[in-house]
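Letter by letter, the chains look like this.
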Amino acid sequence: MSKAGTLDLASGVGGRISKDDVLSAVDKYEKYHVCYGGEEEERKANYTDMVNKYYDLVTSFYEYGWGESFHFAHRWSGESLRESIKRHEHFLALQLGLKPGQKVLDVGCGIGGPLREIARFSSTSVTGINNNEYQISRGKILNRVAGVEQTCDFVKADFMKMPFPENNFDAVYAIEATCHAPDAVGCYKEIYRVLKPGQHFAAYEWCMTDSFDPNSEEHQRIKAEIELGDGLPDIRSTRQCLEALKQAGFEVIWEKDLAMGSPMPWYLPLDKSHFSLSSFRLTAVGRFFTKNLVRALEKLSLAPKGSERVQAFLEKAAEGLVAGGQKEIFTPMYFFLARKPLQDGQ
Ligand SMILES: C[S@@+](CC[C@H](N)C(=O)[O-])C[C@H]1O[C@@H](n2cnc3c(N)ncnc32)[C@H](O)[C@@H]1O
């Protein structure tokens, strides 16, 4: 699925962190989380450090396992994971009604897999905003390979404080990224500010569903595992996201947890009972293989010290995600389409 090989995985662990500091970065990262005694307020106050450490540590693992797009997808039976990921991106472009030549913003763009796909699908110019320098350096290389470097670009900045004028973009989307925001209203307000009046914002949000019981220890453990394994300050509920959109000024056109209507569960690629050759690296057998490979590479000093620990918290994430999906208490695809009114109330 990914073109990234074993040595790319090993040499990429740590991103922009110096190789000698990877192990201590893992220590610091883990300490932010509940599983290691960390507190939500601390994660929110230090979200830039926490999220950047996370993506420096995991990006090469993501690229090795998932390819260029770092997100889950609604999936039909008979559809490969790769096909479903692309269709999930095309769905967003169609919902936004993108037209050739429009100027689009991708909020929290990763290494730009969705950005390149959506730009080519809709003949638009897409700017990706991302606060992680290592991912942007990967994205620029991949944009050149894909031949979209004239129409698509990256901006290194925090999506809570965007360096764009107001009313600047014809459309904005976010794929599994704004869950990293310490405050949803603040994040959606920034998106509202840079979007032209009358235009649309669409997203796939990571959320706890109505089935999540905050008084259940098991549910809280699963939530904490997902937060640790995915660099999140606190996973919001679907209701909180909906309320935050309205508070930011958006008119919500429609919203739905797309996991509910997905013929194949979104977490299938990570489920221990599932095996697939085409997404082998994501399967339990593939992850076991990767774990031993990373251990060997670390022993041979081909991967920095701490790499195995990164693989271990990603394994925790996989377990938490599958449990959250099976219990239907968590979704990575709470979809909404929202519109910035032309003027107040129109
Ligand atoms: C799970 S990845 C999704 C990437 C991309 N949307 C995709 O689907 O491939 C989340 C992304 O959000 C970015 N991100 C998180 N917090 C951010 C912030 N405050 N400002 C800008 N980017 C941020 C991360 O660096 C990462 O690229």
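Residues numbered from 1 in each chain as written. Predicted model: local features only at pLDDT ≥ 70, side-chain atom pairs only at ≥ 80, totals over all residues. Heavy atoms only, no water.

1. Let's talk about the side chain of D257
Its place among the elements puts D257 in strand β6 (residues 251–257). In this structure D257 is buried but unpaired, with K256 as the nearest side chain of opposite charge at 8.6 Å. Within the structure, D257 has its side chain in polar contact with the side chain of T331 (distance 2.7 Å). In contact with D257, other than residues within four places in its own chain, are T209, T331, M333 and Y334. (Helix = DSSP H or I, 4+ residues; strand = E, 2+ residues; numbered from the N terminus. Buried < 20%, exposed > 50% of the residue type's maximum accessible area, 1.4 Å probe, protein only. Lys, Arg positive; Asp, Glu negative; His and termini not counted. Salt bridge = Lys/Arg side-chain N within 4 Å of Asp/Glu carboxyl O. Polar contact = N/O pair within 3.5 Å; in protein donor to acceptor, adjacent residues only side chain to side chain. Contact = heavy atoms within 4.5 Å.)

2. A look at the environment of N130
With respect to the element layout, N130 can be found in strand β2 (residues 125–130). Residue classification places N130 among the buried residues on the basis of a relative accessible area of 8%. A sequence separation of 130 residues divides N130 from M260, and the C-alpha atoms of the two residues are 29 Å apart. Beyond its immediate chain neighbours, meaning those up to four positions away, N130 contacts C109, G110, Q135, I136, V155, K156 and A157.

3. A few points about the pattern of salt bridges
Per the counting criterion, the structure on display carries 23 salt bridges. The shortest N-O distance in the salt bridge between R138 and E63 comes to 2.7 Å. A residue pair is termed long-range when its members are at least 10 positions apart, and R138 in helix α7 (residues 133–146) and E63 in helix α4 (residues 47–66) qualify at 75 residues. Residue E251 is joined to R339 by a salt bridge in which the shortest nitrogen-to-oxygen separation is 2.9 Å. A residue pair is termed long-range when its members are at least 10 positions apart, and E251 in strand β6 and R339 in strand β7 (residues 330–339) qualify at 88 residues. Take E251: its relative accessible area is 37%, and that puts it in the partly exposed class. Via salt bridges that share partners, R43, K223, E227 and D234 belong to a single interconnected network.

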